[in-house]
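# Descriptive analysis of the structure
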Amino acid sequence: MMRTSWADSVAAENDGGASNSGARPTKPAYVPPHLRNRQASNEPSSAAPQAAPLPASDRPSYGGPPGGLRWGGGSRPGGGYGGGGRGGGAGWNNRSGGWDRGKDREVNPFGDDDDVNSEEAFVEQENTGINFDAYEDIPVETSGDNVPPPVNTFAAIDLGKELNANIKRCKYVKPTPVQRHAIPISLAGRDLMACAQTGSGKTAAFCFPIISGIMRSQQVQKPRGYRTVYPLALILSPTRELSMQINEEAKKFAYQSGVRVVVAYGGAPIGQQLRELERGVDILVATPGRLVDLLERARVSLQMIKYLALDEADRMLDMGFEPQIRKIVEQTDMPPRGVRQTMLFSATFPKEIQRLASDFLSNYIFLAVGRVGSSTDLIVQRVEFVDEADKRSHLMDLLHAQRANGVDGKQQLTLVFVETKKGADALEHWLTINGFPATSIHGDRTQQVFACNLFAKYFEDTPLLEAHKDSTFVQERELALRSFKSGNTPILVATDVAARGLDIPHVAHVINFDLPNDIDDYVHRIGRTGRAGKTGLATAFFNTNNQSLARPLAELMQEANQEVPDWLLRFASRVSYGGGRNRRGGGGSRFGGRDFRRDSSYNRGSSGGGMTDFYGGVSNSGGGYYGGYNNPGVASAWD
Ligand SMILES: Nc1ncnc2c1ncn2[C@@H]1O[C@H](COP(=O)(O)OP(=O)(O)OP(=O)(O)O)[C@@H](O)[C@H]1O
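On a predicted model such as this, the values are computed, not experimentally measured, just so you know.

What counts, and where the lines are drawn
All residue numbers refer to positions counted from 1 along the written sequence of the respective chain. Local features are withheld for residues below a pLDDT of 70 in this predicted model, meaning they are given only at 70 or higher, and side-chain atom pairs are given and counted only at 80 or more; totals for whole chains, interfaces and linings count all residues. Each side-chain value is derived from all of the structure's non-hydrogen atoms; neither hydrogens nor water enter the calculation. An axis is simply a line fitted to the C-alpha atoms; with a helix, the fit covers only the stretch in contact. Between two such axes, the angle follows the N-to-C directions and lies from 0 to 180 degrees. Helical segments are the DSSP runs of H or I of at least four residues, strand segments are the runs of E of at least two, and each set is numbered from the N terminus. Reported orientations rely on four angle classes, namely roughly parallel under 35 degrees, roughly antiparallel over 145, roughly perpendicular from 65 to 115, and oblique for the rest. Residue contacts are counted whenever heavy atoms from the two residues lie within 4.5 Å of one another. Throughout, the term near means that a residue has one or more heavy atoms lying within 4 Å of the molecule or strand in question. Any N or O atom pair separated by 3.5 Å or less is treated as a polar contact, with the protein-specific requirement of one donor-capable and one acceptor-capable atom, and with residues adjacent in sequence counted only for side-chain atom pairs. Reported accessibility uses the Shrake-Rupley method at a 1.4 Å probe radius. Residues are deemed covered only where the shown protein chains occlude them. Polarity classes work like this: nonpolar for Ala, Val, Leu, Ile, Met, Phe, Trp, Tyr, Cys and Pro, charged for Asp, Glu, Lys and Arg, and polar for all others, with Gly in that last group. What makes a salt bridge here is a side-chain nitrogen of Lys or Arg within 4 Å of a carboxyl oxygen of Asp or Glu, nothing more. The pairing criterion for strands is at least two bridges between them, as found by DSSP. UniProt positions are given in the numbering used here, feature names are shortened, and annotations may be inferred rather than shown by experiment. Values of pLDDT, ranging from 0 to 100, describe the predictor's confidence in every residue of the model. Relative accessible area decides the class of each residue, using a 1.4 Å probe on protein chains only: under 20% of the type maximum gives buried, over 50% gives exposed, and in between gives partly exposed. Think of the arc as the fan of directions from the helix axis to the C-beta atoms.

## Quick word on the packing of helix α6 (residues 161-169) against helix α8 (residues 202-216)
- Contact geometry of α6 with α8 gives a least axis separation of 9 Å together with a crossing angle of 150 degrees. Considering their axes alone, α6 and α8 lie roughly antiparallel with respect to each other. Here E162, L163 and I167 of α6 come into contact with α8, specifically with F208, I211, S212 and M215.

Spelled out as structure tokens, the structure:
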């Protein structure tokens, strides 16, 4: 029997039980997520549940789609949507055989020894997680109207009983700086653009308010639609790996809350994802391409979206993704800005991207938290001059040295970034034939799928197999990542597809075998180590091909109190910027971004056809204004 969410129980009610499954019981009643567990604890299920009040500043529910934009020939759902009345009838349990049973079947993302109240769990809390001392002096900057004050503890925010229990299970003792500021802002219903260092807990910063908001929301009557589902929150991210990771995290945070999280990403068979969606979805985590597919098939409608979060938002709005994001946000039935709540997060926010992003936001707050995790002394940054021809032997020297430092016979995890997919394959091959256990991850490894059982021998007992035991295929990319994380192949050669967001514990060393063209990409890449207050090492191979990066790299290293070699300073002084992206996008010395609205040009340049860009030039390129933003000569490493 299928598990379900409250969302579809209401749809089923409107259907009179005649929706897609055919076998749905009739007239289920709506039970808000925050009350479902009470029913689970033997409260009479027939009682009409009292919804908790929304936060005072919460938004009104959305009353209808904007301007009738809908794709894919999906039929406009029948009447009665957008904040309708409370469902009566026989109770939540009717549709799927009962929330109790549904809850019992909810996979425990914390594993078997999950005792949230145990002494041991509490003691352990003190020893894991973020090194908070590293965060004491972090500079924080906020701008916007009436910024809600930060909180110092999770207890100071009423996130709800279930979420609080899950925070404890995650062993989060206190909020990180970005969480301290972002959560109250989001709970107050405000739109947010948040720029905080890599590895500093941004995922929880946007997940907590969304989950808490859905748990507390008053009943929203969902429209009915043939096989169409109506998520209340949408979290978009640029890669499937990151979407999967956010999904896993969100499932932990939402455990036993009744809020159902589903993920949809490309490069994997859609059937399984459709089946998951049909079981109900409150929070949809997705990559843009697969979401567009689902919208075109009319299997997902965005008309009930109350929360929209873009992770790696600057990446999501750059040249590669911006058209798709605009389509999703502006040309579907998603409620307009000001009606939905929009949250954008990244470690870097170049001003030209901020300008684009402001189209999606309403009266937003800009939050910048200094880059402790990515570019202070938590990560020791080294840069070495290495000619192209010498890179491989130099890499081998580094890896040999590292082998000597292995713990318990296990080599430390090393992430090696290269520029192209071909380069990744070639380097992986070369490392392997030279006796280094390496694997690779890049955008071309998407179509190759293997039957799970072929790999069962190698991946016994890994959560990957567990997670996929129902699915026929496992992605090669997923396997590579899993093999790296588990230490089976402690060297991962990657393109920028792995540069952002991936939270891989124990990455000791990030090597920029090929430096990126963009300093922000460098920030994200090195941020795969030194996460959550831990220390890490980042080594970059620099040569004359990287001259344009010399100055921003030297500046970044200086800001982070790193030793900058004289030869790099000489390169930096020789090379002029020439208007490229590599001028520090943020403009602030200690932040990955500063609010572009503070620039005097903001008030002058944004009307009419041309816009004053970050570099002071004027761009008129209609669809986007990237002025020197990407290097056209380099093949994309992304999906
Ligand atoms: N309050 C907290 N206490 C302890 N650990 C935390 C806390 N919040 C988050 N973490 C942990 O910190 C790590 C990094 O978090 P997360 O992946 O959300 O970082 P991020 O800011 O999104 O990084 P990136 O910019 O690279 O995407 C994760 O392992 C997460 O579980």
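## Focus: the site of the ligand
- Near the ligand, the surroundings consist of 22 residues, among which Y172, K202, T203, D503 and R531 are the closest.
- R528 places a side-chain nitrogen or oxygen 2.8 Å from an oxygen atom of the ligand.
- The fraction of the free accessible surface of the ligand (650 Å²) that becomes covered by protein chains is 92%.
- By residue class, the composition of the shell around the ligand is five nonpolar, ten polar and seven charged.

## Quick notes on the pattern of salt bridges
- In total, this model carries 20 salt bridges according to the counting rule given.
- Residue E241 is joined to R477 by a salt bridge in which the shortest nitrogen-to-oxygen separation is 2.7 Å. With E241 in helix α9 (residues 240-253) and R477 in helix α20 (residues 476-485), this residue pair connects regions lying 236 residues apart in the sequence.
- Between D496 and R525 there is a salt bridge, and its shortest N-O distance comes to 2.7 Å. Of the two residues, D496 sits in the loop between β14 (491-494) and β15 (507-512) while R525 sits in helix α21 (residues 519-526), which places them 29 residues apart along the sequence.

## What about the sheet that holds strand β2 (residues 192-196)?
- Taken together, eight strands build an open sheet; the order of strands is β1-β8-β2-β7-β6-β3-β5-β4 and the sheet is mixed. For this open sheet the edge positions go to β1 (140-143) and β4 (261-264), each flanked by a neighbour on one side alone. Geometrically, the sheet is characterised by an average inter-axis angle of 15 degrees between neighbouring strands, direction not taken into account.
- The pairing of β2 with strand β7 (residues 341-346) spans four bridges and is parallel. Across the sheet, M193 pairs through a bridge with L344, a residue of β7.

## Remarks on the UniProt feature "domain: DEAD-box RNA helicase Q" (unreviewed entry) in the protein chain
- Those places that UniProt annotates as "domain: DEAD-box RNA helicase Q" (unreviewed entry) correspond, in this numbering, to residues 152-180.
- Secondary structure content for residues 152-180 is 45% helix and 0% strand, while the C-alpha to C-alpha distance between its ends is 6 Å.

## Re the side chain of N543
- If you trace the backbone, N543 turns up in the loop between β16 (536-542) and α22 (550-559).
- Within polar-contact distance, the side chain of N543 engages the side chain of E388 at 2.8 Å.
- Polar side-chain contacts of N543 include one of 2.9 Å to the backbone nitrogen of N545.

## Brief notes about the confidence of the model for the protein chain
- Across the protein chain, the average pLDDT comes to 73, with 63% of residues at 70 or higher.
- Within the model, pLDDT remains below 50 along residues 121-128, and this stretch shows seven contacts once partners closer than five positions in the same chain are excluded.
- Here residues 578-590 is modelled with pLDDT under 50, and outside its nearest four sequence neighbours on either side it reaches 45 contacts, counting other chains as well.
- Overall fold confidence for the complex sits at a pTM of 0.74, while the interface term, ipTM, reaches 0.99.

## Quick word on the side chain of S346
- Following the sequence through the fold, S346 ends up in strand β7.
- We classify S346 as buried; its relative accessible area is 0%.
- Sequence-distant contacts of S346, defined by excluding residues within four places in its chain, comprise A194, C195, A196, K202, E312, A313, D314, R500 and H524.

## Re the pairing of strand β3 (residues 233-236)
- Here β3 shows no split at all, with A233 and I235 on one side and L234 and L236 on the other all buried.
- Of the pairings in the sheet, the one linking β3 to strand β6 (residues 307-311) comprises four bridges and is parallel in character. For I235, the partnering residue across the bridge sits in β6 and is A309.

## Observations regarding helix α23 (residues 566-574)
- L568, F571 and A572 are the residues of α23 that are buried. Down the axis of α23, the sector holding all buried residues measures 100 degrees, keeping them to one side. When the buried face of α23 is taken as reference, the exposed residues oriented beyond 90 degrees from it are D566, S573 and R574.
- Here the buried face of α23 lies against β9 (379-385), β16 and α22.

## Examining the sheet that holds β9
- The strand order β9-β16-β15-β10-β14-β11 describes an open sheet built from six strands, whose pairing is parallel. Two strands bound the open sheet, and with one partner strand each, they are β9 and β11 (438-441). On average, adjacent strands in this sheet sit at an angle of 20 degrees to one another, irrespective of strand direction.
- Pairing between β11 and β14: four bridges, direction parallel. Residue pairing across strands places A438 opposite I491, the latter belonging to β14.

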